[in-house]
Each structure stands twice: as C-alpha cells, then as structure tokens.
Amino acid sequence: MQTDILTLIEERGIALGDGGYLIELERRGYVDSGSKREKVGTGRGSGQFTPEVAIEHPDALRQLHLEFLRAGSQVLQALTFFGTREKLKRAGYDAETEVINQNAVRVAREAAAGEALVAGSISRTQLFEREGRGAAHFVRELLAEQTRLLTEAGVDFLILETFFHLEEMLIALECARASGLPLIATMSFRPRLDQSSDGHRAAECAREMAAAGARLVGANCEQEPKRMLAVLREMRAAVDVPLAAQPAAFRSTDETPCFTRLPQFPDEMETIQASREEFSEFGRVARAEGIGYIGGCCGCNAAYIRALASGIHDN
Ligand SMILES: [Zn+2]
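Draft legend 1. Just the overall build of the protein, in detail. Helix and strand counts for the protein stand at 13 helices and 8 strands. A globule of 315 residues ought to have a C-alpha radius of gyration of about 20 Å, and the protein, at 17 Å, matches this closely. Its C-alpha atoms give the protein principal-axis dimensions of about 50 × 45 × 40 Å. Looking at the protein as a whole, 59% of its 315 residues qualify as buried. Pairs at least 24 residues apart make up 78% of the contacts formed inside the protein by residues separated by at least 6 positions. Surface summary for the protein: the accessible area is close to 12,000 Å², and the carbon and sulfur share equals 47%. Each charge class in the protein was averaged separately, 36 positive and 46 negative side chains, and the resulting centres sit 2 Å apart.

Draft legend 2. Summary view of the sheet that holds strand β1 (residues 15-16). Strand order in the open sheet made by the 8 strands is β1-β8-β7-β6-β5-β4-β3-β2, with parallel pairing throughout. The open sheet has two free edges, formed respectively by β1 and β2 (75-77), since each of these has just one partner strand. Inspection of the sheet shows strand β4 (residues 157-163) paired to strand β5 (residues 183-187) by 4 bridges, in the parallel sense. Bridge pairing in β5 links L160 to A185.

Draft legend 3. A look at unusual backbone geometry. Here the residue pair R190 and P191 is connected by a cis peptide bond, since its omega of 0 degrees sits within 30 degrees of zero. Structurally, the position occupied by P191 is in the loop between β5 and α10 (202-211). Here F265 and P266 are connected by a cis peptide whose omega angle stands at 5 degrees. As for its position among the elements, P266 is in the loop between β7 (243-246) and α12 (276-288). With a phi close to 55 degrees, F82 is a non-glycine residue in the positive phi region.

Draft legend 4. Seen up close, helix α6 (residues 97-112). The end-to-end C-alpha separation of α6 is 23 Å, in line with the 22 Å expected for 16 residues at 1.5 Å each. Among the residues of α6, those classed as buried are T97, I100, N101, N103, A104, V105, V107, A108, A111 and A112. The inward-facing, buried residues of α6 abut α3 (53-56), α4 (58-71), β2, α5 (85-90), β3 (117-123) and α8 (136-153).

Draft legend 5. Representation of the state of the cysteines. Across all of its chains, the model carries 0 disulfides by this definition. C258 provides the cysteine sulfur closest to C205, a residue in no disulfide bond, and the two sulfurs are 15 Å apart. Assessed through its relative accessible area of 0%, C205 is described here as buried.

Draft legend 6. The arrangement of the pattern of salt bridges in detail. Enumeration according to the criterion identifies 25 salt bridges in this entry. Across the salt bridge formed by E98 and R85, the nearest N and O atoms sit 2.7 Å from each other. Highlighted residues: E98 in helix α6 and R85 in helix α5, separated in sequence by 13 residues. Note on E98: relative accessible area 29%, which makes it partly exposed. A salt bridge links R227 to E224; the nearest nitrogen and oxygen atoms lie 3.7 Å apart. Judged by relative accessible area, R227 falls into the buried class, the value being 18%. The exposure class assigned to E224 is buried, which follows from its relative accessible area of 7%.

Reading the values: the criteria
- Residues numbered from 1 in each chain as written.
- Predicted model: local features only at pLDDT ≥ 70, side-chain atom pairs only at ≥ 80, totals over all residues.
- Heavy atoms only, no water.
- Helix = DSSP H or I, 4+ residues; strand = E, 2+ residues; numbered from the N terminus.
- Rg over C-alpha atoms; globule rule 2.2 N^0.38 Å.
- Buried < 20%, exposed > 50% of the residue type's maximum accessible area, 1.4 Å probe, protein only.
- Contact = heavy atoms within 4.5 Å.
- Areas by Shrake-Rupley, 256 points an atom, 1.4 Å probe, with all protein chains shown as cover.
- Lys, Arg positive; Asp, Glu negative; His and termini not counted.
- Charge placed at Lys NZ, Arg CZ, Asp CG, Glu CD.
- Pairing = 2+ DSSP bridges.
- Expected span 1.5 Å × (residues − 1).
- Disulfide = S-S within 2.5 Å.
- Salt bridge = Lys/Arg side-chain N within 4 Å of Asp/Glu carboxyl O.

Following this line, the structure appears as structure tokens:
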C-alpha cells in the first residue's frame, strides 16, 4: 500500500484494522491460554497468550492474516502482543525474543503483499500488575528493546495497546517516539470503566497520550462496542486528534465491565460472545462520530471485521 496510516485516515475519514489474533489462534489450537495451569485473568499471568505461534506455526498466523485481509482490513497487525523479553521468558521463549518479533512482522508483511499496511503491536509488560511502579525502569528497557526490534523489522507504524496503567503507557510512548513512526495509543479499562487501573479518567488518558506523541488515541479490548462507546465519547470531548477503537466481541456486565474478569474467561467465552451485527452497528456509529481507526480485539475473527466494513460503508 503506497500510503501511510495518517494519510489513509485523512483521505478516507476512517481506516479499518484487524484483530484479535491471540484468542482466535487459541481457539484454533495454536496459542496457550494458561487455562487449568494457573489462574487466568488476574493480570499477573506467567506464560499466557504469548505469540510464539509466529515461529512455531507461521502458516496458521499467515492464514489468519489472509482472512482479515480478505474481510477488508487495510492494516495487518504483526502478532507481537506480549512480545517483550520478560513476558516471553515466563513462557520459556526469551531466547527467541528477536526471532519471534522479526518473524511476526515478516509473516504479516508477506500476507499483506502490498495490499495493507503493517503495524507493530506493543502491549503492557504485565510488570506494573505483578510488581508495581518499582518496575518502571525495567519496563522502559523491555519496551525500548521491542520498539527497536519492530522498527528494524520494518513496520509502517506502531499500535500501543491493552495498557491498564496510564503510567506504563506513557513509558511505552516515550520509547516508541524514538522510532519516528506514527503511533496509535489505546488504553484498556479494567476493572472499572470510568478510570484506568491507576486511577485516571478516559479524558485524562486521552490528553496525556496525545501530549506524549500519539497521533490517534482511544481504547481497545475488555468491552463490547456499545459499552466502549462511553469511554470513546469522553475521549472525543477531551482531544482533537482522531480516535482509535478496537472493542472485544465479548459481552461484559454493569457489575464487571471487563470480560477478562468474568468467570467465563478463558474457557466459556462462547457463552458471552457478542454478535457480528453489534460490530456492523459499531462501524456505522464510528463513521458517523468521526472515529479514525477501528478494528477488532479478543473474540473477533474475519466475520467481525467484515461486519465493521459493512457498517462503515453503510452510511
Ligand atoms: Zn483483546
């Protein structure tokens, strides 16, 4: 694709991404959820949902990329989520940190074949949840290393996603700025919808992320589209930069507005699956409300991306 993400959004108003890779590949048998081995969903997990599929089963990853592309994705995210060295170490793959990140980008680039942009994914390290703010220095090292690996592998831009703590997100943005690439930054709100894990409202998160260099700010994961809209609207009122949104396809509840804290996570998620029609509707709303970038997250597959595409084009 002979353009960059910012131009694409400027010219078309909205760009369509993809997602979510890990849950779909877990369902297909290629990713380890950690279920039955340890308590999943605490934010303190060891080797859960790591992206070694990029080196162990690259064909499975390539296939999913091709499905998203066929569904209309204009961006393919390299599966580098949870690809920092310390997280990979907990899964026994720290020695493969370089090759996992490199391979993930290569597989995405080959699948895109010039038809889509390739984004590198950078996510929380989990160390703020496991060790607290004292880990900040080590977190900076880990995120700086992954930024360097993704930049060298040749991604077109970076998506910083699924951060629970604004403080960790701001460290990630500081590291990512060194790449010189366009940055999209999305927070995940858990356990509460009205503030980040470290107590910042969505509006404040949006302002801080934009001030730290994010060209788009928004939310991803944890909530279904309708519930996430409240967060996005609060961000909309706070910043002038375009918004990004990658909701989950699982229904959360008023009491527990984040699916990874529901008892159904990770083994009974079929019972809380949101419909693709909810994503079609979200595509319509996103276009109408001027959201610049939308995609899916956990629970989405190509059918949901196709639904987003149809919603976008329905206006
Ligand atoms: Zn997700």
